[in-house]
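# Structural overview
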Amino acid sequence: MVLSFGLSRLKQTNLWPYALLFDIYQLIIGPLSVAFYLLPTKIEWKGRNYK
């Protein structure tokens, strides 16, 4: 609904396929980022170790 409002205000009706792909992307990446945050993995970045 927010994307619909934004696209109509911008008069960019040809961007609907990208808006639908973005919605699917958000549905996938949201739970995956939460799962990755909860996993007990160690990360080494620039010589530093993070838990």
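The paragraphs below set out a description of the structure included in this document. (Residues numbered from 1 in each chain as written. Predicted model: local features only at pLDDT ≥ 70, side-chain atom pairs only at ≥ 80, totals over all residues. Heavy atoms only, no water.)

### Section: the packing of aromatic side chains
This is how it is decided: Stacked, edge-to-face and tilted are the three classes for Phe, Tyr and Trp ring pairs, Trp counted by its six-membered ring, which pair at centre distances within 6.5 Å; planes under 30 degrees apart are stacked, over 60 edge-to-face, the rest tilted. For the purposes of this entry, the term helix denotes a DSSP run of H or I that reaches at least four residues, the term strand denotes a run of E that reaches at least two, and both are numbered from the N terminus.
Under the definition given, this model contains one aromatic pair. Measuring from centroid to centroid gives 6.3 Å for phenylalanine 22 and tyrosine 25, while their planes differ by 35 degrees, and the two rings are tilted. You can see phenylalanine 22 and its partner tyrosine 25 sitting in helix α2 (residues 16-38), three residues apart, about one turn around the helix.

### Remarks on unusual backbone geometry
Positive phi is not limited to glycine here, since lysine 11 has a value of about 55 degrees. Structurally, the position occupied by lysine 11 is in the loop between α1 (2-10) and α2. Of note, the phi angle at lysine 46 is positive, near 55 degrees, even though the residue is not glycine. With respect to the helices and strands, lysine 46 occurs in the loop between β1 (43-45) and β2 (48-50).

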